Amino acid sequence: NGVISDLYRSPKVFFDITGDSVYVFRNEVGKMKLMSKWDDMGKQLNLLVKTNLKGKPNFVATGFYKPDSSYLNLDASLDDLSVCYFEPFLSDLISKSKGVLSGELNLSGPLDQLSLTGKECRFKDFGFTDDFTQVPYTLEGPVELNERGIFFKNLPIYDNYRGKGSVNGSLTYNYFRDLAVNVKVDFSD
């Protein structure tokens, strides 16, 4: 359902979209609900996005978008959200991803200068294949997200050959441009 009226004088915008079987990059999201409603006082579009996979809510985001300044502010809660949804953004680095991510995220700023921050973010059974070495790895533990990038310190990492170690590093960016990866892996027997 959606309604748009009197767009130029006193806009009224409302969307309520529900999908029962949604997929993102060929990966099942499950049920998804997208809602938006125009807030005339704040001159903003209030937003809500929720997903539910196999009876479990795993993504809830609320916030607003101000069209006059192109400003977005979304707070999201992730509860065992599959990491496979993010693989297309890292397609030059990893493939065959699995596992989940949990935590609290905030995405805010003008659309051309979005800032992503997080609290209590954690990978669980994050498996992937390094496209350079073609070796599959699994890691888990906390990660830090701030305006400059994603950072991890002493995360346990395992390969399929019973090798174990720790990984330190970062994926840095400048408003999601100029991506740079800096990773150091130390393996021990």
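Notes on the structure follow. (Residues numbered from 1 in each chain as written. Predicted model: local features only at pLDDT ≥ 70, side-chain atom pairs only at ≥ 80, totals over all residues. Heavy atoms only, no water.)

### Examining the overall build of the protein
Within the protein, the regular secondary structure consists of zero helices and twelve strands. Mapped from its N terminus to its C terminus, the protein presents α and β elements in the order β-β-β-β-β-β-β-β-β-β-β-β. Each of the 189 residues in the protein was classed as buried or not, and the buried ones make up 35%. Sequence-distant contacts, at least 24 apart, represent 30% of the contacts inside the protein between residues at least 6 apart. Approximately 12000 Å² of the protein is accessible, and the part contributed by carbon and sulfur atoms is 55%. Put simply, the protein has 22 plus and 25 minus side-chain charges, and the middle of one group is 4 Å from the middle of the other. (Helix = DSSP H or I, 4+ residues; strand = E, 2+ residues; numbered from the N terminus. Buried < 20%, exposed > 50% of the residue type's maximum accessible area, 1.4 Å probe, protein only. Contact = heavy atoms within 4.5 Å. Areas by Shrake-Rupley, 256 points an atom, 1.4 Å probe, with all protein chains shown as cover. Lys, Arg positive; Asp, Glu negative; His and termini not counted. Charge placed at Lys NZ, Arg CZ, Asp CG, Glu CD.)

### Thoughts on unusual backbone geometry
Even without being a glycine, K43 presents a positive backbone phi close to 50°. Mapped onto the elements of the fold, K43 is located in the loop between strand 3 (27-39) and strand 4 (44-53). Located in the positive-phi region is D125, a residue other than glycine, with phi close to 50°. The topology assignment puts D125 in strand 8 (residues 115-130).

### Focus: the pairing of strand 2 (residues 12-24)
Summarising the sheet, strand 1 (residues 2-5) and strand 2 pair through four bridges and their orientation is antiparallel. Paired with V3 across the strands is F14, a residue of strand 2. Examined bridge by bridge, strand 2 and strand 3 share nine bridges and lie antiparallel to one another. When the sheet's bridge partners are listed, D16 is paired in strand 3 with M35. The loop that links strand 2 with its antiparallel partner strand 3 comprises two residues; one of these, F25, has a positive phi angle of about 50°. (Pairing = 2+ DSSP bridges.)

### So, a nonpolar patch on the surface
Judged by side-chain polarity, L93, V181, V183, V185 and F187 come together as a nonpolar surface patch covering roughly 380 Å² of accessible area. Mapping V183 onto the fold places it in strand 12 (residues 177-188). (Patch = residues over 30% accessible without salt bridge, like charges linked within 9 Å, V, L, I, M, F, W, Y side chains within 5 Å. Salt bridge = Lys/Arg side-chain N within 4 Å of Asp/Glu carboxyl O.)

### Structural notes on the sheet that holds strand 8
Strand order in the open sheet formed by twelve strands is 1-2-3-4-5-6-7-8-9-10-11-12, and the pairing between neighbours is antiparallel. A strand with exactly one partner marks an edge of an open sheet, and here the two such strands are strand 1 and strand 12. Across the sheet, the mean angle separating the axes of adjacent strands is 15° when strand polarity is ignored. (Axes fitted to C-alpha atoms, helices over the stretch in contact; angles between N-to-C directions.)

### A look at the nonpolar core
The biggest cluster of nonpolar side chains holds 28 residues, and the ones touching the most others in it are L105, F123, F126, L139 and V143. At the level of elements, strand 6 (71-82), strand 7 (94-110), strand 8, strand 9 (136-146), strand 10 (149-159) and strand 11 (164-174) are the ones that each hand at least two residues to this core. With five residues, the top contributor of residues to this core is strand 8. Excluding its chain neighbours within four sequence positions, the residues that come into contact with L139 are F123, D125, F126, F128, L155, P156, I157 and V167. (Core = buried A, V, L, I, M, F, W, Y, C linked by side-chain atoms within 4.5 Å.)

### Thoughts on the pattern of salt bridges
Summed over all chains, the structure comprises four salt bridges. With a closest N to O distance of 3.9 Å, K56 and D79 form a salt bridge. Linking K56 in strand 5 (residues 56-66) with D79 in strand 6, this pair joins segments that are 23 residues apart in sequence. Note on K56: relative accessible area 32%, which makes it partly exposed. By relative accessible area, which is 35% here, D79 ends up partly exposed.

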